[in-house]
Each structure stands twice: as structure tokens, then as C-alpha cells.
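Letter by letter, the chains look like this.
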Amino acid sequence: MNKYLYKGSMLMLGAILLLSSACTKTSYVPNPNAPTQESVLNNATRDQIAQLGVGIQSVVRNGLFSFYTWSGSIGREVVYFAQTESRYYRELQGEIPLDPAGIMYDWYNTSNQTRRRAEILLRSAQNTNSITEGEKAAAKGFAKTIQAYAMLNALNMMGNNGIRTSFSDLSTPGDLLKPGCFGNYAESLAYLKGLADEGLAALDQAGTAGFPFPMVAGWNGFSTVSDFKKVNRAIAARIAMYQKDWTALETALAASFLDIEGALNAGPYLMYSTAAGDLTNPLWRAPDNAGTPILVQSKFVAEAETGDKRVFGTNIAEGGLARVRQRTTPTAPPDYPSMTHEVQMYATNESPVRFIRNEELILMYAEAKIQQNDLDAAEETLDIIREAYGLAKLAVAKPAVPGNKDRLIDELLHQRRYSLFMEGHRWFDMRRYEKLANLPLDKPSHSVFTQFAMPKAESDWDSVYPCE
């Protein structure tokens, strides 16, 4: 389907979210979850359901710049050198505390908005006679899957501060927002696992029915209910990895689109365009950008293996495999080491962004094998990644690694560092393996945060309206 279907559906979502609410308690404290009266919750037309579905595919892109760039900054992948706002490097590099009422929470707001909008789609689909029962189940499965994806991103940024594991009562007149309590990291992961599993059950229930909305470009190969289940299980695999449930991780991967010998970039994409009303790729930068360059942390290139095509040679934007490009003129914030490279993963401002890729699934498979002590299988899997980027097998390049679990974990983290660069993983990988102290500091005054602080809007809300 044409990616420009985003436009009309976004206009509808915007109109829905601007409708007035009968809720009055927000006059005391700003409401971080933006309650509104939803006109489509009862007896929505088929066209309205279709527009809501396409709209969700659009809004899931929101906040990706801040999610990738802020987590990449704290994880010492990049430094965002915005010339007119030093907080983007001073806060994120740990020189000053993160401001819970500051500018760093776009990822939080957009993730929660995506969750809520997906809930609107889900409930609207259930409360109408304009679509079949199978289509209702398909819509529910899609919505739950998107919720699990969006809120896992938010949870990983929040760490043990967690996320709200219940949020809106859209059916009670006069009190549209009843946010539940924040769960800790483990409790929140369990909630997300439930979302993903409920999504799969609904997709199974849909049977041969299709989605009651078009799947836009980028979902090619995953636009049917049957194929979308593979995306659901890929997200379930991510959740299982963070839960350290290695058996569940392998089970989820087996039902995903994992292909050990397949194309590394296989998987769904988020699409962008310059069409009026659509979004352009927020991570794209022209070469040698001077105003808001996304610089590569100085150790990233230095600690790469010689000949690694993910770092050396032609960059992705020019048709190669390198995720970085050497700048014509090095630059850096004041008193930082000179930074010679910049992120260069996208050819134009219309280039798609990966949603989840086969390469990530392969690396998760290798991790599951390591953690279950199948070290030979893990080595073979890691060698697939190594050889894809011009590196020799471990037995040749690093003979001390094969057969040693701890060293294989280090190798896994190394491969994830370079394969999944700026895709929202490094900070969380080092945290879950208790290796944050190994991340490099550009200045003695820097530190590495373990998590984002609770947004002030949320703590203010709970101080007035304690969660139930």
C-alpha cells in the first residue's frame, strides 16, 4: 500500500485527540497522558477503522529520534552536538543531572501516546458492527503488538522506574483517565510479555481474516495476519531476552522471521517521505552537517576490528556497509576529544528506518545459545555475522574465545555494538550485563546514567491523584 496513506489518517487522529473531555481534574496538574473524548469508540465506520489503523502505523514513528539518539548518547555510541543547545550533550553525557521537567522526554510522551492511540483503535474495532469478528481480532492483535513494541522502548529508557501497567478507562464518562501505578522493571516486562502474548492470541483468533485497514509500504512481506505474527514473535523475543528467559527467547525466535542464513536487513521498515503532511527521516544528516551533527563517540572507530565493513569503507548512505563516515573536518563539543566520524546510515531524508531486523534476531539466537551453554552453536552463529562484514571466523581471529562462555558473551556484545549501532540497544545491553562502568567517558566530569528519572509531569500527577 502507498505510504502517503499516512496523511489523511493522521488528520483524523489529530481531530480525535483534540476533542474536548468532560474530565475536570486536569485543572490541577498537567495530564501527561492527554485524555480526550473519543468519538469513534462506538459504532465506528469501516473507513474510520481503516484510518485509525493507518494512523497507528504513522505515529509509531514518533519519538524515534530521541529514543535512538538519547539512548545512543548515554550508551556512548554518539554525541549529539547541537550548536545552540548544550544540554543535548551535557545532560546525556552525564556532566549535569537529567532534568525530569526538561527537554529529554519526547520518547516518553510519544511512546505513551502510541500506546493510547492503539487502545483507541482496539476498542473502536471491538465496539462496531462495520467489520467482521475475524477483523476485530486482527485489529486487536495488531494494536497489542504495537503497544508492546512502543512501551518496551519506553521501559528500557526508564529502567527500574518502570512504566504504568494500566492507563486509561476510556468508557467511564467524566473520568477518562485512571492511570495505574508504575511497575518496576521486572513487573513492567511481565506486563509487556502479556501484551505481546495477547496480541498473538488475537492474531490466531483472526483465522483467515485480514486487517480491516491497509498496511502501508514498509510492511511488505508482513502485511497479512499470518506474516504479522512473525513480527509479534520478534518483539516477544526482545522481551524474553530482557527477562533473561532463554527458553522463551528461543521459542519466540522459532516463530518469528528469523532466518540464520537469510538477508541481515530482512524485516519491516518505517517509511518516510517529503509529501505534505508526512514525516521525513529525523535521523538523516547531510555529510559534514555543522548545525546538529550526530558525532560518533571517539572510541567506536578505534575499538573496531581492522577491516570491519560496518566501520571502515563506504558508508550505508553511499551504498556500502559502514554505519559511519569520516568527516572532512573533525569537530566536538568544548573540551571533548576530537571526533572524526559522524553517523551516516541513511542516504536521504526519505530513507526508511529499520523497525526490527533479521540481524538482531540472529544475534538474539546466538545469545540464547550462549546462555544455555550451547557454545558451539553460538560460535557458528556469531561467525555468520563476522564473515558478513569481512572478518575472519573466531577460531582464526580470536582463538581464545571459542569454548569460553564469558569471552563469547563479550564477543556477542561486541557484535551487537557494531551491528546494531544507533538502533536502540547499546546502553541497555551494557546495563543488563552490568557493564556500564566499561562505557568510555569523554571527560572526567562525565558519568553514565542507569535510567531516566521519573518525568515531573508523572510525579506531579501522582502527588495529586495517587495511583490505584
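Please read these numbers as outputs of a predicted model, since none were measured by experiment. (Residues numbered from 1 in each chain as written. Predicted model: local features only at pLDDT ≥ 70, side-chain atom pairs only at ≥ 80, totals over all residues. Heavy atoms only, no water.)

Participant: Where do I start with the overall build of the chain in this structure?
Facilitator: Counting its regular elements, the chain contains 16 helices and 6 strands. Look at the contacts in the chain between residues 6 or more apart in sequence, and 73% of them connect residues 24 or more apart. For the chain, the exposed area adds up to about 17600 Å²; of that, 50% sits on carbon and sulfur atoms. (Helix = DSSP H or I, 4+ residues; strand = E, 2+ residues; numbered from the N terminus. Contact = heavy atoms within 4.5 Å. Areas by Shrake-Rupley, 256 points an atom, 1.4 Å probe, with all protein chains shown as cover.)

Participant: Even after reading the chapter, I still don't get the packing of aromatic side chains, so can you show me in this structure?
Facilitator: Here a ring pair, both rings aromatic, is described through the centre-centre distance and the interplanar angle of the planes. In this structure the tally under the stated criterion is 27 aromatic pairs. Ring centres of W107 and Y108 lie 5.7 Å apart, and the angle between their planes is 90°; on these two criteria the pair is classed as edge-to-face. What makes W107 buried here is its relative accessible area of 1%. A connected cluster of aromatic rings, assembled from ring pairs, spans F67, Y68, Y105, W107, Y108, W427, F428 and F452. Taking NZ or CZ as reference, R61 lies 5.3 Å from the ring centre of Y272, over its face. Seen from the ring of Y242, R432 lies directly overhead, with NZ or CZ sitting 5.6 Å from the centre. (Phe/Tyr/Trp six-rings, centres within 6.5 Å; stacked < 30°, edge-to-face > 60°. Buried < 20%, exposed > 50% of the residue type's maximum accessible area, 1.4 Å probe, protein only. Lys NZ or Arg CZ within 6 Å of the ring centre and 35° of its normal.)

Participant: Explain the pattern of salt bridges here, please?
Facilitator: Pairing is possible between side chains that carry opposite charge, provided their charged atoms lie close to one another. All chains considered together, the criterion is met by 35 salt bridges. Across the pair R87 and E85 runs a salt bridge, and its minimum N-O distance is 3.0 Å. Classification of R87 as partly exposed rests on a relative accessible area of 28%. Two residues, R417 and E303, come together in a salt bridge whose shortest N-O distance is 2.8 Å. Of this pair, R417 sits in helix 14 (residues 405–419) while E303 is found in the loop between helix 10 (298–302) and strand 4 (324–331), placing the two residues 114 residues apart along the sequence. Among the ionic contacts, a cluster of salt bridges with common partners joins R323, R354, R357, E359 and E423. (Salt bridge = Lys/Arg side-chain N within 4 Å of Asp/Glu carboxyl O.)

Participant: Honestly, the pairing of strand 5 (residues 339–343) in this entry has me stumped. Any pointers?
Facilitator: Looking along a regular strand, one sees the side chains alternate between the two faces of the sheet. Counting buried residues along strand 5, 4 of its 5 residues qualify, which places the element largely inside the surrounding structure. Relative to strand 5, strand 4 is paired through 4 bridges, and the arrangement is antiparallel. Counterpart to Q326 in the pairing with strand 5 is H341. (Pairing = 2+ DSSP bridges.)

Participant: Is there a simple way to explain the state of the cysteines in this structure?
Facilitator: Disulfide: a covalent bond formed between the sulfur atoms of two cysteine residues. Applying the stated criterion to the full structure yields 1 disulfide. Paired through a disulfide, C181 and C467 show a sulfur-sulfur distance of 2.0 Å. Judged by the torsion about the S-S bond (90°), the C181/C467 disulfide is right-handed. Pair noted here: C181 is in the loop between helix 6 (133–158) and helix 7 (185–206) and C467 is in the segment after helix 16 (456–464), with a separation of 286 residues, a long-range link. (Disulfide = S-S within 2.5 Å.)

Participant: Could you clarify how one ought to interpret the environment of N161 in this entry?
Facilitator: Along the polypeptide, N161 turns up in the loop between helix 6 and helix 7. Judged by its relative accessible area of 23%, N161 falls in the partly exposed class. When residues no more than four places from it in sequence are discounted, the contact partners of N161 are F182, G183, Q451, F452, A453 and M454.

Participant: Looking at this structure, I do not really get the environment of I49. What am I missing?
Facilitator: With respect to the helices, strands and loops of the structure, I49 is situated in helix 2 (residues 46–59). Residue classification places I49 among the buried residues on the basis of a relative accessible area of 0%. Each C-alpha atom of the pair I49 and S124 lies 7.2 Å from the other, and the pair is 75 residues apart in sequence. Not counting the four nearest positions on each side in its chain, I49 is found in contact with A44, L121, S124, A125, T128, S130, I131, P212 and F213.

Participant: What am I meant to see in unusual backbone geometry here?
Facilitator: Most peptide bonds take the trans configuration, and most residues that are not glycine carry a negative phi. Of note, the phi angle at N373 is positive, near 65°, even though the residue is not glycine. Positionally, N373 belongs in the loop between helix 11 (358–371) and helix 12 (375–388). Phi at E434 is positive, roughly 55°, even though this residue is not glycine. Counting through the fold element by element, E434 comes out in the loop between helix 15 (426–432) and helix 16. Since its relative accessible area comes to 75%, E434 is described here as exposed.

Participant: Even after reading the chapter, I still don't get the confidence of the model for the chain, so can you show me in this structure?
Facilitator: Residues shown with low pLDDT carry predicted positions that ought not to be read at fine detail. Of all residues in the chain, 89% have pLDDT values of 70 or greater, and the mean over the chain is 91. Below a pLDDT of 50 lies the segment residues 14–37, which in the model reaches 51 contacts outside its immediate sequence neighbourhood of four places, other chains included. (pLDDT = per-residue confidence, 0-100.)

Participant: Even after reading the chapter, I still don't get the packing of helix 3 (residues 64–74) against helix 6, so can you show me in this structure?
Facilitator: The relative placement of two packed helices is expressed as an angle between their axes plus a distance between the axes. Between helix 3 and helix 6, the shortest axis-to-axis distance is 11 Å and the interhelical angle comes to 35°. Between helix 3 and helix 6 lies a crossing of left-handed hand. Contact with helix 3, carried on its side by L64, S66, F67, Y68, W70 and S71, involves Y149, N153 and M157 of helix 6 and no other residues of that element. Among the residues forming the contact of helix 3 with helix 6, the class breakdown is 6 nonpolar, 3 polar and no charged. (Axes fitted to C-alpha atoms, helices over the stretch in contact; angles between N-to-C directions. Left-handed = near helix turned anticlockwise from the far one by under 90°. Nonpolar A, V, L, I, M, F, W, Y, C, P; charged D, E, K, R; others polar.)

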